[in-house]
Amino acid sequence: MQEVLATPIEFLKGVGPQRGALLRSELNIATYLDLLQHFPFRYVDRSRFHRITELSEDLPQAQLRGILGPLHMIGEKQGRRMVSTLTDATGSVDLVWFKGARWLQSSLKPGQEYILFGKPNAFKGRINFPHPELELAATWEQGLDAALQPVYSTTEKLTAKGLSSRAIWKLMKTLLPQLEGQLPEVLSTELVDWLGGVSREQAIRQVHAPQDQARLDAALHRLKFEELFFIQLQLLEQKLLLQQSLRGNVFTTVGDHFNRFYQEHLPFELTGAQKRVVKEIRKDMGSGHQMNRLVQGDVGSGKTLVGLLSMLIALDNGFQSALMAPTEILAQQHFATISRFVEGLPIEVRLLTGNTKQAERKSILTALAQGAIHIVVGTHALLEDRVVFQRLGLVVIDEQHRFGVAQRARLWTKSTVPPHVLVMTATPIPRTLAMTLYGDLDTSVIDELPPGRKPIRTVHRFDSSRNAVFGFLEEEIAKGRQVYVVYPLIEEGDPEKMMGKELKDLTDGFESISRRFPLPKYAVSMVHGRMDQATKDYEMARFKKGGTNILVATTVIEVGVDVPNASVMVIENAERFGLSQLHQLRGRVGRGAEQSYCILMTDDKLGNDARARIETMVRTNDGFEIAETDLRLRGPGDLMGTQQSGLPELHIADLVADVHVLQQARQVAMRLLDMDPELKDPKHAPMRSALAERKRGKPLWGRIS
Ligand code: ADP
Ligand code: MG
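Quick caveat, the model's predicted, so the values are computed rather than measured. (Residues numbered from 1 in each chain as written. Chains lettered and ligands numbered in written order. Predicted model: local features only at pLDDT ≥ 70, side-chain atom pairs only at ≥ 80, totals over all residues. Heavy atoms only, no water.)

Here we come to the overall build of the protein chain. From N to C terminus, the protein chain includes 26 helices and 23 strands. When contacts within the protein chain are restricted to residue pairs at least 6 apart in sequence, those whose partners lie at least 24 apart make up 74%. When the accessible surface of the protein chain is summed, it comes to about 32200 Å², and 52% of that surface belongs to carbon and sulfur atoms. (Helix = DSSP H or I, 4+ residues; strand = E, 2+ residues; numbered from the N terminus. Contact = heavy atoms within 4.5 Å. Areas by Shrake-Rupley, 256 points an atom, 1.4 Å probe, with all protein chains shown as cover.)

So, on to the packing of helix H13 (residues 328-341) against helix H19 (residues 533-544). One can describe the packing of H13 onto H19 by two numbers: an axis separation of 12 Å at closest approach and a directional angle of 50°. As far as their axial angle goes, H19 and H13 are oblique. H19 is crossed by H13, and the crossing has right-handed handedness. Between H13 and H19, the residues in contact are Glu328, Ile329, Gln332 and Gln333 and Gln533, Asp537, Met540 and Lys544, respectively. (Axes fitted to C-alpha atoms, helices over the stretch in contact; angles between N-to-C directions. Parallel < 35°, antiparallel > 145°, perpendicular 65-115°, else oblique. Left-handed = near helix turned anticlockwise from the far one by under 90°.)

Position of Leu233 among the secondary structure elements: in helix H9 (residues 213-245). Linking Leu233 and Ala665, residues 432 residues apart in sequence, is a C-alpha distance of 8.6 Å. Among all residues touching Leu233, those that are not within four sequence positions of it are Ala669, Leu672, Leu673, Leu679 and Leu691.

Note on soluble globular proteins: their nonpolar side chains tend to be buried together. Of all hydrophobic cores here, the largest spans 48 residues; its most connected members are Leu187, Phe229, Phe230 and Leu233. Membership of the second largest hydrophobic core comes to 40 residues, among which are Met291, Leu312, Ala325 and Leu330. (Core = buried A, V, L, I, M, F, W, Y, C linked by side-chain atoms within 4.5 Å. Buried < 20%, exposed > 50% of the residue type's maximum accessible area, 1.4 Å probe, protein only.)

With that out of the way, let us pick up the site of ligand 1. Taken together, 16 residues sit near ligand 1, with Gln274, Gly300, Lys303, Thr304 and Arg453 positioned nearest. Lys303 places a polar side-chain atom, nitrogen or oxygen, 2.7 Å from an oxygen atom of ligand 1. Arg591 places a polar side-chain atom, nitrogen or oxygen, 3.2 Å from an oxygen atom of ligand 1. Protein contact buries 84% of the 560 Å² of open area that ligand 1 shows by itself. (Near = heavy atom within 4 Å. Polar contact = N/O pair within 3.5 Å; in protein donor to acceptor, adjacent residues only side chain to side chain.)

Right, let's talk about the sheet that holds strand E21 (residues 550-553) for a bit. With respect to topology, six strands assemble into an open sheet ordered E18-E23-E22-E19-E21-E20, the strand pairing being parallel. Of all the strands in the sheet, the pair left with one neighbour each is strand E18 (457-462) and strand E20 (524-527). Across this sheet, the average inter-strand angle for adjacent strands is 20°, counted without regard to direction. Pairing analysis gives five bridges linking strand E19 (residues 482-486) to strand E22 (residues 566-571), with the strands arranged parallel. Directly across from Tyr484, in E22, lies its bridge partner Met569. Contacting E18, E19, E21, E22 and strand E23 (597-602), helix H17 (residues 466-478) crosses the sheet at an angle of about 160° to E23. Of the strands in this sheet, E18, E19, E22 and E23 touch helix H20 (residues 579-586), which is tilted by about 155° from E22. (Pairing = 2+ DSSP bridges.)

A separate point is the sheet that holds strand E14 (residues 375-378). Ordered in space as E13-E14-E12-E15-E16-E11-E17, the seven strands form an open sheet in which the pairing is parallel. The open sheet has two edge strands with one neighbour each: strand E13 (349-352) and strand E17 (442-446). Going from strand to strand, the sheet's axes swing by 20° on average, the running direction of each strand aside. Note that strand E12 (residues 320-324) and E14 share four bridges and pair parallel. The residue of E14 that forms the bridge with Leu323 is Val377. Against the sheet, H13 touches E12, E13, E14 and strand E15 (392-398), its axis set at about 175° to E13.

With that out of the way, let us pick up the pattern of salt bridges. The tally for this structure, following the rule as stated, stands at 33 salt bridges. One salt bridge connects Arg51 with Glu54, and the closest N-O pair in it is separated by 3.7 Å. Residue Glu264 pairs with Arg260 through a salt bridge whose shortest N-O separation is 3.7 Å. Linking Glu264 with Arg260, this pair stays in helix H10 (residues 256-265), spanning four residues, or about one helical turn. A residue is classified by how much of its surface remains accessible, and Glu264, at 55% relative accessible area, is exposed. (Salt bridge = Lys/Arg side-chain N within 4 Å of Asp/Glu carboxyl O.)

Once that is clear, we can look at the packing of aromatic side chains. What the rule picks out here adds up to eleven aromatic pairs. Centre to centre, the rings of Tyr484 and Phe543 are 5.2 Å apart; their planes meet at 50°, and the pair counts as tilted. Of the two residues, Tyr484 sits in strand E19 while Phe543 sits in helix H19, which places them 59 residues apart along the sequence. Comparing Tyr484 with Phe543, the two get one shared label, buried. The structure contains a cluster of three or more aromatic residues connected by ring pairs, namely Trp194, Phe225, Phe229 and Phe230. (Phe/Tyr/Trp six-rings, centres within 6.5 Å; stacked < 30°, edge-to-face > 60°.)

Residue Leu519 is joined to Pro520 through a cis peptide bond whose omega torsion reads 0°. You can see Pro520 is positioned in the loop between helix H18 (500-516) and E20. Unusually for a residue other than glycine, Lys124 sits at a positive phi of about 50°. Turning to its location among the elements, Lys124 is positioned in the loop between strand E7 (121-123) and strand E8 (126-130). Unlike most non-glycine residues, Asn573 shows phi in positive territory, near 50°. Mapped onto the elements, Asn573 comes out in the loop between E22 and H20. Note on Asn573: relative accessible area 18%, which makes it buried.

Following this line, the structure appears as structure tokens:
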């Protein structure tokens, strides 16, 4: 990095120690470079003004020009505030400040013409602006060096210390002239030309101080491209390195285990999509390179079987396999499914989780080390150091997004030649995210459900029509079907954090359902995170066997639980769930041949986001469409849990809005590595050193599995 860019931010004129500390803590801006990379999230066209009569509460921002009225203090105690007005030729609006009155009184000049910028609110039929940005029209005209004014994100604390969006812009204008010649090009000349000839330095200047829309657009495109390009380059290079340097175990044969299972034990025909994916996996595992493949398939698409078939190929080649699930319940279920599938075949399958008893654990560990176990199913417990394999050839990870990348990396220590890795996920990852997160993984998609499945019918019902819903449940139960009723649990997974209110909602629900569906005609069971494991297991097993008609539960049943006879999923307080979670829950039904239903119960009043989620659920069963919508509604960080996901930090590009740039960047990166894998060509030197710098800064070590 250029020296000057590493300068601590407090040295910039206008910052100083106090604001410097705030910039660090509030916006993570510690150096000149950080400030430079604090890109505007929007631009305001300063030449356009709203007339006051045009204002409505729906406008996200408004810019006005008018005369500032007198300042008054009104209200008592907490409600004490300063008010004023701004008047233009068409009308007037109210201005209100709850803080900073003294400073404002000394700096604002009533009677003068001001430019106002802020978010309009409506109150009792009048428009008001809380804490508007104001600038004297005269000063504003002097400062009109850019028609397009960048808007920077800031925080309340920063604004209170004078660091409004506009003040940050001023800092930028102080900084930029000091950086002349300090922002070297990182792309090849060829590529810069292809991108419209905007150099890096020009682009950065333009983005912080745009001259006109066309030049701004070109600059934004170039910087977004650059950001995404280096991420792709790094991912693709990593993939290339893996393929070249790390030989994988070669699984050449498809032998007896696979064939006997396929011909004699498989109770149904594979779907076309399953066949295709198994073929892709076979090809990978026979290639001599280590496989890193992500299988995406909607709930119920039959991923478990694909995993099993892959493990049988490993076995046919003399290797052990591990199947890792994110929860105890899932691990148990996989174990049961797989044991049932391979019954009668000479295949040793065992279950190892945190709950495995000491003696049992010991015998499993010994047998694994000796190679006497062919397939081990388990949870995180499989990652512990004392779990040693004789010859681990394949690791299948189910519902991968729950595993941190660090955990995936630990698998590598388990054998000298890295095992093949198959990651299966039922949460379809939007293509854009998959490309950014898993650019180094090959992906397969199971885009077909087993035949005979009827699409689940999803409806939205308000709490007020609960009686009708109960009536419907009664009819379904009379037909022999079973029902899930799910309550939200925000801190899922950690029983200690299960909040009192949520537990109460659940038990209240359980009681009212039990009253409506009384013994002995009906049986209702309940499962939640506060129960001990044995009770939970007992209740799950009872429901699975058809011993109860209704299972009232928290989201513990979210992932993977398979009860084909359950055909109705009622989701209580559906407005409180995220889209992916709703889709996962819905996937618990529709597993048998019967028509299945998902009933989303909500409060009579719904916010906009909640409404959008519910409408999406009612409209489509397509997991990919739902994932895309979720990404749009929530943003990638939230969706994946940025901390865990290894999602690279993006300063300027947006994975939702900039899909096309991402695709472009990926293609260019692939072509480049095809031509010059090590970027040895002198004309690629800028990219080589920028890439090296990136890697020094933040190794993407987690991406190796
Ligand atoms: P998921 O992809 O959600 O993990 P599962 O592997 O649990 O799905 O499969 C869902 C159900 O479909 C299971 O009961 C499984 O036995 C069944 N199944 C899987 N493949 C097929 C197939 N090709 N034909 C019919 N049923 C299948
Ligand atoms: Mg599954």
